[in-house]
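# Residue-level structural notes
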Amino acid sequence: MKKKIVIANWKMNHDFHETTSFLRNLLKKIFEQKINHNKEIIIAPSFPFLHISNHILQGSPLKIAAQNIHQMDKGSYTGEVSASMLKSIGISKVILGHSERRKFFCEKNNILLEKIKIALKYGFNIIFCIGETYFERNKNQQFNVIKDQLKHTVFHFSENEIKFFHIAYEPIWAIGTGKSATYQQAQKMHEFIRSLFLKKYGENISNKISILYGGSINNFNAKDFFLQKDIDGGLIGNFSLNLENFLKIIYS
Ligand code: PGA
């Protein structure tokens, strides 16, 4: 059985003190409670705190991810952070394609393709987000939208490269709204996504690839999502910011 993966996407939240005390307390609670949660836990804090966060979690099974990287190796891109910089402080996971990056920072498929390439060049694991809008779901276009997003990004890469990916299905209408997809809707979409991987890369990869759900997961609904056959974990925003809530999700 694949281990479920729980990823905290903190977005632009938590300052230095909040980040470090959250992580220290999280470690303490997990080791004190000694409950077998059987989950892979990844935390994505803001850029300035990645180094200290990685340091705090060193030697533990918990891992740190970045929320973004720039698509170029280096150069005159004021305010940006490169994959090699992150690599140099021991970070090797990154979230790419999040709908907030697509919407607020105009990251279209062509830019995402470049970001994936540079991430792979530096050996990053990529948590790649896809998802449809409310309008698209209302018109029953969600399956075509997802197929298209994969076709223009992830499906450009070879079998060997696909091993570095997790997919996060995040319906845009469910992100930060408190209105999650139902676990039935999510399962149906995840099954569809897995079938696309089967068609493109064969059985081995389609079985192995982790497909996470994201969008208003909380400590009450997490368990239902995690019980679904094709849902391999969750990408959690709001409910990962509070330690008690996040622990409940881990133990779901
Ligand atoms: P949410 O965010 O849990 O607050 O809906 C999820 C995400 O954006 O990854």
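Predicted, not measured: the structure shown is a model, and the values here were computed from it.

Looking only at helices and strands, one finds twelve helices and eight strands in the protein chain. In terms of C-alpha radius of gyration, the protein chain reaches 17 Å, essentially the compact-globule figure of 18 Å for 252 residues. Along the first, second and third principal axes, the C-alpha set of the protein chain runs to 45 × 45 × 35 Å. Within the protein chain, contacts between residues at least 6 apart in sequence are counted, and of these 73% link residues at least 24 apart. As displayed, the protein chain has an accessible area near 12400 Å², and 54% of this comes from carbon and sulfur atoms. Positive and negative charge centroids in the protein chain, built from 34 and 21 side chains respectively, lie 2 Å apart.

Another point: the site of the ligand. Neighbouring the ligand are 13 residues; Lys-11, His-98, Glu-170, Gly-176 and Ser-216 lie closest to it. Here His-98 contributes a side-chain N or O atom positioned 2.7 Å from an oxygen atom of the ligand. A distance of 2.7 Å separates an oxygen atom of the ligand from a polar side-chain atom of Glu-170. Compared with its free state, where it exposes 290 Å², the ligand has 99% of that area covered by protein. Tallied by class, residues from the shell around the ligand come to four nonpolar, seven polar and two charged.

For Asn-140, which is not a glycine, the phi torsion comes out positive at approximately 60°. You can see Asn-140 is positioned in the loop between helix H6 (134-138) and helix H7 (142-151). Classification of Asn-140 by relative accessible area gives exposed; the value is 57%.

Here we come to the packing of aromatic side chains. On inspection of all chains with the given rule, the structure shows ten aromatic pairs. Plain terms: the ring middles of Tyr-213 and Phe-225 are 4.4 Å apart, the flat faces sit at 10° to each other, and that makes the pair stacked. Of the two residues, Tyr-213 is situated in strand E7 (residues 210-214) and Phe-225 in helix H11 (residues 222-226); the sequence distance between them amounts to twelve residues. A connected cluster of aromatic rings, assembled from ring pairs, spans Trp-10, Phe-22 and Phe-246. Here the basic side chain of Arg-101 rests over the ring of Phe-105, its NZ or CZ set 3.9 Å away from the ring centre. In this structure, Lys-200 packs its charged tip against the face of Tyr-201, placed 5.9 Å from the ring centre.

With respect to the secondary-structure elements, Phe-16 resides in helix H1 (residues 16-33). Relative accessible area serves as the criterion here: at 48%, Phe-16 is assigned to the partly exposed category. Once the C-alpha coordinates of Phe-16 and Pro-48 are considered, the two residues, 32 residues apart in sequence, prove to be 8.1 Å apart. Not counting chain neighbours up to four residues away, the residues in contact with Phe-16 comprise Phe-49 and Ile-52.

What counts and how
- Residues numbered from 1 in each chain as written.
- Predicted model: local features only at pLDDT ≥ 70, side-chain atom pairs only at ≥ 80, totals over all residues.
- Heavy atoms only, no water.
- Helix = DSSP H or I, 4+ residues; strand = E, 2+ residues; numbered from the N terminus.
- Rg over C-alpha atoms; globule rule 2.2 N^0.38 Å.
- Contact = heavy atoms within 4.5 Å.
- Areas by Shrake-Rupley, 256 points an atom, 1.4 Å probe, with all protein chains shown as cover.
- Lys, Arg positive; Asp, Glu negative; His and termini not counted.
- Charge placed at Lys NZ, Arg CZ, Asp CG, Glu CD.
- Near = heavy atom within 4 Å.
- Polar contact = N/O pair within 3.5 Å; in protein donor to acceptor, adjacent residues only side chain to side chain.
- Nonpolar A, V, L, I, M, F, W, Y, C, P; charged D, E, K, R; others polar.
- Buried < 20%, exposed > 50% of the residue type's maximum accessible area, 1.4 Å probe, protein only.
- Phe/Tyr/Trp six-rings, centres within 6.5 Å; stacked < 30°, edge-to-face > 60°.
- Lys NZ or Arg CZ within 6 Å of the ring centre and 35° of its normal.

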